[in-house]
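Below are the chains, spelled out letter by letter.
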Amino acid sequence: MEKPTMKQRLASFGTFLYDSETKQVLGRSGRSWGEIGIFYVIYYACLAAFFAATLAVFNQTLDDDNPKLQGSSSLLKGNPGMGFQPMPDIDTTLIYSTKEGKDEYVKSIEKVLSDYKLANSDGVDCSQVKGIRQDADKPCRMNFTELTAGCNLGNSYGIMEGNPCVLLKLNRIYGWKPEIWTKAEIANEEDIAESIRNQYVEDRIWIDCHGENPADSDNLAKATTTYYPQQGFPLAFYPYTKQKGYMSPLVFVKFSGLAKHLAYMIECKALAKNIAVDRTEKEGSVHFELLID
Ligand SMILES: *[C@@H]1O[C@H](CO)[C@@H](O)[C@H](O)[C@H]1NC(C)=O
């Protein structure tokens, strides 16, 4: 059989587009096109109606002001996660304090702080408030003067002096209220280290940064750990109930007097009865390594 020429191909395609003998367009008669058109109009109308109906039913179960799943029924199981910066590279938790790494380091902290500065004006001064603020309609404001007293852009967040600052934050959970250990209770908790029991103050979510292994603890004991504005998250920031401009409290931890070229493995834990620390789930604590060049 001979191959059809280009001309023949075009002619047969033309006939397919419109066949003058049978009066068919694209292989279908006008009536057939009409039928198929009506079918699809009805089909899509039904689909759209069904979609709208399910969405409407789902919307009925939602409340504008409160999330549907709260506390232990939510995905987070009511357990706030803790996060830290700088984390210039998401693949590693190593905070490597070098002159070369300075820009990335500063940038990753500045990014968090600039978000805070924008929203912060909606907040009120909570420095005199003790305990949680139930039904507060305005969020607490972060006092940047206090937060950045030892860790700021001026000292490149400690990196140039070899005293790196790490920014800690507890993720917010709607309606979550910290349940604080009393000093007496903590004295009887076997899991809580002696060093924590001695310093612990019960008016906040206590934070403790320590060496992960005995060797790290020994090394870190020779250095100084300072917390800004205070060692812990103030209770006045809780509960979070979608107050306009709400920002979770921040704490800077500054590690001074670290030895050079020695890797420190550090864990920072948040202490409350209802914060379960789960290393694998990265809940309630953070882990990072510090290395000074
Ligand atoms: C922040 O704290 C400092 C020092 O405690 C205080 O002098 C200042 O008034 C506070 N600023 C605001 C905006 O609350």
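How each quantity is defined
- Residues numbered from 1 in each chain as written.
- Predicted model: local features only at pLDDT ≥ 70, side-chain atom pairs only at ≥ 80, totals over all residues.
- Heavy atoms only, no water.
- pLDDT = per-residue confidence, 0-100.
- Helix = DSSP H or I, 4+ residues; strand = E, 2+ residues; numbered from the N terminus.
- Pairing = 2+ DSSP bridges.
- Near = heavy atom within 4 Å.
- Polar contact = N/O pair within 3.5 Å; in protein donor to acceptor, adjacent residues only side chain to side chain.
- Areas by Shrake-Rupley, 256 points an atom, 1.4 Å probe, with all protein chains shown as cover.
- Buried < 20%, exposed > 50% of the residue type's maximum accessible area, 1.4 Å probe, protein only.

**Student:** Hey, could you run me through the confidence of the model for the chain in this one?
**Tutor:** Do not read the fine detail of predicted coordinates wherever pLDDT is low. The predicted model of the chain has a mean per-residue pLDDT of 86, with 92% of residues at 70 or higher. When pLDDT is averaged over each element of the chain, strand E9 (residues 250–256) comes out on top at 96 and strand E2 (residues 24–25) at the bottom at 81.

**Student:** I'm lost on the sheet that holds strand E6 (residues 204–211) in this one. Help?
**Tutor:** Strands pair in a sheet through their backbones, by hydrogen bonds, and they do so in one of two ways: parallel or antiparallel. Read from one edge of the open sheet, 5 strands run E4-E11-E10-E6-E8, paired in mixed fashion. Two strands bound the open sheet, and with one partner strand each, they are strand E4 (94–97) and strand E8 (233–234).

**Student:** I keep staring at the site of the ligand and nothing clicks. Help me out?
**Tutor:** If you check the shell around the ligand, you find Arg 141, Asn 143 and Glu 146 and nothing else. A distance of 2.2 Å is found between an oxygen atom of the ligand and a side-chain nitrogen or oxygen belonging to Asn 143. Separating an oxygen atom of the ligand from a side-chain N or O atom of Glu 146 is a distance of 2.7 Å. Protein burial of the ligand: of its 360 Å² of free accessible surface, 40% is covered by the chains.

**Student:** Is there a simple way to explain the pairing of E9 in this structure?
**Tutor:** Most of E9 is tucked away, with 7 of its 7 residues classed as buried. Burial along E9 is two-sided: Leu 250, Phe 252, Lys 254 and Ser 256 and Val 251, Val 253 and Phe 255, pointing in opposite directions, are all buried. Bridge count for strand E7 (residues 224–228) against E9 is 5 bridges, and the pairing is antiparallel. The residue bridging Thr 225 from the neighbouring strand is Phe 255, located in E9.

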